[in-house]
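One letter stands for each residue in the lines below.
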Amino acid sequence: MATPRNQYYELYRRSSIGMQLTDALDELIQSGHINPVLAMRVLNEFDKAIASNLAKNVKAKSNLKGHLRDYRLCDEVWTFRVQKATLKLDNAEILDVDKVKIVACKMAEGPPAAGGSK
């Protein structure tokens, strides 16, 4: 069983690219080209790759104002739902939206640095 250090959230599997990957893997399983164990390994690598690339490459920030409808914390995952929100983006663009759902997860820790110990 994987340790918590090696686990990643499966949030991005519901994105359009994650759904396409899942559909393609399902087709490969149904046609007998791969087995379900390999498909799960591919999905786990997808979770890891997308999380690390977003953390490394996305530097944009925004400000959010609105009416907090509700929030919850479950298994170290925060969910906030905001109504009548205004988002101010880095490029000074302002977006007025009816509803916003924010899901915030604790970032997975990477492997320890080579040659170092804490």
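You'll find the structure just up there.
Note that the structure is predicted; figures quoted are calculated from it, not measured. (Residues numbered from 1 in each chain as written. Predicted model: local features only at pLDDT ≥ 70, side-chain atom pairs only at ≥ 80, totals over all residues. Heavy atoms only, no water.)

A. Molecular detail of the sheet that holds strand β1 (residues 62–74). Strand order across the open sheet formed by 3 strands is β1-β2-β3, with antiparallel pairing between neighbours. Taken across any chain shown, the strands that pair with only one partner, and hence form the sheet edges, are β1 and β3 (94–105). Strand-to-strand twist in this sheet, taken as the mean axis angle between neighbours without regard to direction, amounts to 20°. For strand β2 (residues 77–89) and β3, the ladder comprises 11 bridges, and the chain directions are antiparallel. By the bridge assignment for β3, R81 is matched with K101. (Pairing = 2+ DSSP bridges. Helix = DSSP H or I, 4+ residues; strand = E, 2+ residues; numbered from the N terminus. Axes fitted to C-alpha atoms, helices over the stretch in contact; angles between N-to-C directions.)

B. Region of the structure containing a nonpolar patch on the surface. There is a patch of nonpolar side chains on the surface, built from Y9, L11, Y12, L54, V58 and V103 and spanning about 450 Å² of accessible area. Mapped onto the fold, V58 is located in the loop between α2 (36–57) and β1. Residue classification places V58 among the partly exposed positions, given a relative accessible area of 48%. (Patch = residues over 30% accessible without salt bridge, like charges linked within 9 Å, V, L, I, M, F, W, Y side chains within 5 Å. Areas by Shrake-Rupley, 256 points an atom, 1.4 Å probe, with all protein chains shown as cover. Salt bridge = Lys/Arg side-chain N within 4 Å of Asp/Glu carboxyl O. Buried < 20%, exposed > 50% of the residue type's maximum accessible area, 1.4 Å probe, protein only.)

C. Focus on the pairing of β2. Relative to β2, β1 runs antiparallel, the two sharing 11 bridges. Counterpart to L64 in the pairing with β2 is L87. As consecutive antiparallel partners, β1 and β2 are separated by 2 residues, and within that stretch D75 has a phi angle of approximately 50°, a positive value.

D. How the structure looks around the environment of G18. Within the secondary structure layout, G18 lies in helix α1 (residues 16–30). Distance in space between the C-alpha atoms of G18 and F46 is 8.0 Å, their sequence separation being 28 residues. Contacts of G18, omitting those with residues within four sequence positions, involve Y12, R13 and F46. (Contact = heavy atoms within 4.5 Å.)

E. Layout of the environment of L95. Tracing the chain through its elements places L95 in strand β3. Residues L95 and L64, 31 residues apart in the sequence, show an inter-C-alpha distance of 9.6 Å. Filtering out sequence-adjacent residues up to four positions away, L95 remains in contact with A85, T86, L87 and L89.

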